[in-house]
Amino acid sequence: MLSRRIVVCLDVQGGRVVKGEQFIHLRDVGDPVDLATRYEAEGADEIVFLDITAAPEGRGTMLEVVRRTASRAFVPLTVGGGVRSVDEMRDVLRAGADKVSFNTAAVARPELLTACAERFGSQAVVCAIDARRLSTAPDASLGAAAGAATEAVTQAAPAWEVVTHGGRRPAGLDAVMWAVRVVQLGAGELLVTSMDRDGTRSGFDTDLLHAISSRVRVPVIASGGASGPEDFVAAVRDGGADAVLAASIFHRRMHSIGSVKQAMAAAGLPVRPVEEAVA
Amino acid sequence: MKVSVFDYGAGNLHSLIKTLARDGARVEIETDPSAAVRADVLVLPGVGAFGHAAARLAPGLADVRAALADGLPCLGICLGMQLLFDASDEGEGEGLGLFPGRVKRLEGGRVPQIGWNTIEDGDDPLLDAAPVATAYYANSYVCHPDDASCVHAWSAHDATRFPALVRAQRTVGVQFHPEKSSMPGVELVCAFLREAAR
């Protein structure tokens, strides 16, 4: 039986893992290779490196981090941030990543997903969707004739818009429709982040996860809002997520991967036992 | 020991090379299939799409078939395992046909299958040497052998049971990625190389 994955996310800047709230007050957390191997030993099912280096000249540093990590860690590795072409994806994969996650680049040029999926297979193409909950239904606030946006609309089911640039820029897309579209284009997995919950430790947006996971057939990774083990259970059980991603609760050792997996197993969810991960 | 990895030109070979070199084997990357068989072990890695890989394999298809028939130990991983079969619904081209059967798309559940799945009903000596209980998969297609007696371990995705490990003498195919399955997977690759050295 396929396990539900626990994914640990490491924000990497200038070759170091950093952590900040909403990209400010960045704090050095450690060496990416050391942290990746530590999390592998603790039972992480997958590692995500999110490259938050703004400058293009930082690319070489990131490739070197990937290379060093893939030499020592033997769990799947996803790299997100800054990849904008098929050739750049090839470089990241050749350095030792298994998957590349696209966010802003996919919004700017959706056909990039298709080109990468054709070359490397859709299992290597992740589309990251940063979503923000709207107070009204999508048609009312995402353009069209909003003039007659009525109470009936605000009573409608919740809706989310896609945002880019760390949540600062609305993309003018409905998150659920966008999810359906990127899968058609070739994305083999979706990394869905609630920008309302990210960094708040108030739990995952299970409505958002459910809205997306019930509309697509590819795996969905839940992100944004992890506080404790019960949130991971809810993301899978209520949100229909196949994998759950978190960063700070593991970096700050508020919870161990083992305790999260224990809670998931107790809730009847299939997980890969932690002890197997230790050599 | 010289291990040659046939490179179809797509994706991550880094972790696989590190895994193969762990016990001191000399690992060489070969883009020419006829040159790739001049080694003690041939590895068909697991990245890319069937049609593209079959096209790269085509010029050396006869040489690779002859080498495998001659007893060259071969490890096929994911797509590399699928290339050991006749053909695939994923793309054009001819596989090695060492295992009669076809590669077909997974039905049911979420596709691609991405993640750790349990290895069931294993009865291969490699699994005795390296007891892999759960392994990492990233695939949309699985092998359907005409004769299931070549299958020496199974996994299931949703309601579909599919071969996790197939063997014909010294050729082994695994649908999962041992090089991404943490230490038990690395052990399995090492066990295969030890077996090949005998």
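Scroll up a little and you will see the structure.
These numbers come from a predicted model, not from an experiment. (Residues numbered from 1 in each chain as written. Chains lettered and ligands numbered in written order. Predicted model: local features only at pLDDT ≥ 70, side-chain atom pairs only at ≥ 80, totals over all residues. Heavy atoms only, no water.)

J.: Tell me about the pairing of strand 1 (residues 2-6) of chain B, residues and numbers included.
T.: Residues and elements named next belong to chain B. By the criterion of burial, strand 1 is predominantly enclosed, with five of the five residues buried. The side-chain alternation of strand 1 yields two buried faces, one formed by Lys2, Ser4 and Phe6 and the other by Val3 and Val5. Pairing analysis gives five bridges linking strand 1 to strand 2 (residues 26-30), with the strands arranged parallel. By the bridge assignment, Val3 is partnered in strand 2 with Val27. (Buried < 20%, exposed > 50% of the residue type's maximum accessible area, 1.4 Å probe, protein only. Helix = DSSP H or I, 4+ residues; strand = E, 2+ residues; numbered from the N terminus. Pairing = 2+ DSSP bridges.)

J.: How would you sum up the layout of surface pockets? Please name residues and give values.
T.: Computed from the structure, the second largest pocket encloses a volume of approximately 530 Å³. Every residue lining the second largest pocket is counted, 39 residues in all, and those nearest its centre are Phe120, Gly121, Gln123 and Ala124 of chain A together with Ala138 of chain B. Among the elements that take part in the lining of the second largest pocket, strand 8 (residues 134-139) of chain B stands out by supplying three residues, more than any other. In the lining of the second largest pocket, the residues fall into 19 nonpolar, 14 polar and six charged. (1 Å grid on protein atoms, 1.4 Å probe; cavity = no way out; pocket = protein on both sides within 12 Å on 5 of 7 lines; lining within 4 Å. Points joined across faces, edges and corners; volume = space filled by probe spheres on them. Nonpolar A, V, L, I, M, F, W, Y, C, P; charged D, E, K, R; others polar.)

J.: Could you give me a rundown of the state of the cysteines, with the residues and numbers involved?
T.: A covalent bond between the sulfur atoms of two cysteines is what we call a disulfide. Residues and elements named next belong to chain B. In the structure shown here, the tally under the stated rule is zero disulfides over all chains. With no disulfide of its own, Cys190 lies 17 Å from the sulfur of Cys74, the closest cysteine sulfur. Judged by its relative accessible area of 5%, Cys190 is buried. (Disulfide = S-S within 2.5 Å.)

J.: Mind laying out the interface of chain B and chain A, listing which residues take part and the relevant values?
T.: Taken together, the contact between chain B and chain A spans 38 residues of the former and 38 residues of the latter. When chain B packs against chain A, close to 3,100 Å² is buried across both sides, 51% of that on carbon and sulfur atoms. Connecting chain B to chain A are three salt bridges. Between Arg94 of chain A and Asp7 of chain B there is a salt bridge; the shortest N-O distance is 2.9 Å. One can count 23 residue pairs in polar contact (both at pLDDT 80 or more) joining chain B with chain A. Among the elements that make up the side of chain B that touches chain A, the one with the highest residue count is strand 7 (residues 113-118) of chain B (six residues). Split by residue class, the side of chain B that touches chain A holds 13 nonpolar, 18 polar and seven charged. (Contact = heavy atoms within 4.5 Å. Buried area = accessible area lost by both parts, 1.4 Å probe. Salt bridge = Lys/Arg side-chain N within 4 Å of Asp/Glu carboxyl O. Polar contact = N/O pair within 3.5 Å; in protein donor to acceptor, adjacent residues only side chain to side chain.)

J.: I'd love a proper account of the packing of aromatic side chains, names of residues and values included.
T.: Using the criterion set out here, one finds seven aromatic pairs over all chains in the structure. Their ring planes at 45° and their centres at 6.0 Å tell us that Phe232 of chain A and Phe250 of chain A sit as a pair that is tilted. Of this pair, Phe232 of chain A sits in helix 10 (residues 229-237) while Phe250 of chain A sits in helix 11 (residues 248-251); the two residues are 18 residues apart in sequence, bridging distant segments of the chain. We note that Phe232 of chain A, like Phe250 of chain A, is buried. Each residue in the set Phe204, Phe232 and Phe250 of chain A is aromatic and connected to the rest through ring pairs, giving one cluster. For Arg38 of chain A, the ring lying beneath its charged end belongs to Tyr39 of chain A, and the centroid distance is 4.6 Å. Sitting over the face of the ring of Trp116 of chain B, Arg272 of chain A holds its NZ or CZ atom 3.7 Å from the ring centroid. (Phe/Tyr/Trp six-rings, centres within 6.5 Å; stacked < 30°, edge-to-face > 60°. Lys NZ or Arg CZ within 6 Å of the ring centre and 35° of its normal.)

J.: Describe in detail helix 12 (residues 257-266) of chain A, supporting the description with residues and values.
T.: Residue and element names in this part refer to chain A. Residues of helix 12 that are buried: Ile257, Val260, Lys261 and Met264. Seen end-on, helix 12 carries its buried residues on one side only, within an arc spanning 95°. Exposed side chains of helix 12 directed beyond 90 degrees from the buried face belong to Gln262 and Ala266. Residues of helix 12 that are buried in the fold lie against strand 1 (5-13), helix 1 (32-42), helix 10 and helix 11. Following helix 12 by one or two positions, Gly268 has its phi on the positive side, about 85°. (Arc of directions from axis to C-beta.)

J.: Got a sec to walk through the sheet that holds strand 5 (residues 85-88) of chain B? Specific residues and values, please.
T.: Residues and elements named next belong to chain B. Across the sheet, three strands lie side by side as 5-6-9; this open sheet has mixed pairing. Two strands in the sheet have a free side with no partner beyond their single neighbour: strand 5 and strand 9 (141-145). Recorded for the sheet is a direction-independent mean angle of 30° between the axes of neighbouring strands. The sheet contact formed by strand 6 (residues 99-105) and strand 9 spans five bridges and is antiparallel. Note on strand 9: the bridge partner recorded for Lys104 is Val142. (Axes fitted to C-alpha atoms, helices over the stretch in contact; angles between N-to-C directions.)

J.: Please give an account of the pattern of salt bridges that cites residues and values.
T.: Residue and element names in this part refer to chain A. The final tally for this structure, using the stated rule, is 28 salt bridges over all chains. The partner of Arg72 in a salt bridge is Asp34, with the nearest N and O atoms 3.7 Å apart. Within this pair, whereas Arg72 is found in helix 2 (residues 59-72), its partner Asp34 is found in helix 1, the two being separated by 38 residues in sequence. Here Arg67 makes a salt bridge to Glu64, at a shortest N to O gap of 2.9 Å. With a gap of three residues between them, Arg67 and Glu64 both fall in helix 2, about one helical turn apart. By relative accessible area, which is 33% here, Arg67 ends up partly exposed.

J.: For the packing of helix 2 of chain A against helix 3 (residues 86-95) of chain A, give the residues involved together with the corresponding values.
T.: Taken N-terminus to C-terminus, the directions of helix 2 of chain A and helix 3 of chain A make an angle of 30°; their axes are 8 Å apart at the nearest point. Residue-level inspection shows Arg59, Leu63, Val66, Arg67 and Ala70 of chain A of helix 2 of chain A in contact with helix 3 of chain A, the latter providing Asp91, Val92 and Ala95 of chain A.

J.: Any chance you could break down the side chain of Asn117 of chain B for me, citing the residues and the numbers?
T.: Note on placement: Asn117 of chain B falls in strand 7. Exposure remark for Asn117 of chain B: the relative accessible area of 0% places this residue in the buried category. A polar contact of 3.4 Å, which involves the side chain of Asn117 of chain B, links it to the backbone nitrogen of Leu2 of chain A. At a separation of 2.8 Å, a polar atom in the side chain of Asn117 of chain B contacts the side chain of Gln113 of chain B. In this structure Asn117 of chain B touches Met1 and Leu2 of chain A together with Ala133, Thr134, Ala135, Tyr137, Ser155, Ala156 and His157 of chain B, once residues within four positions along its chain are discounted.

J.: Now, about the sheet that holds strand 1 of chain B: what can you tell me, with residues and values included?
T.: All names here are of chain B. Spatial strand order, 2-1-3-4-12-11-10: seven strands in an open sheet with mixed pairing. Edge strands, defined here as strands with exactly one partner in the open sheet, are strand 2 and strand 10 (151-157). For this sheet, the mean angle separating the axes of adjacent strands, direction not counted, is 20°. Pairing analysis gives four bridges linking strand 4 (residues 74-77) to strand 12 (residues 171-174), with the strands arranged parallel. Paired with Leu75 across the two strands is Val172, which belongs to strand 12. Of the strands in this sheet, strand 1, strand 3 (41-44), strand 4, strand 11 (160-168) and strand 12 touch helix 7 (residues 182-197), which is tilted by about 150° from strand 3.

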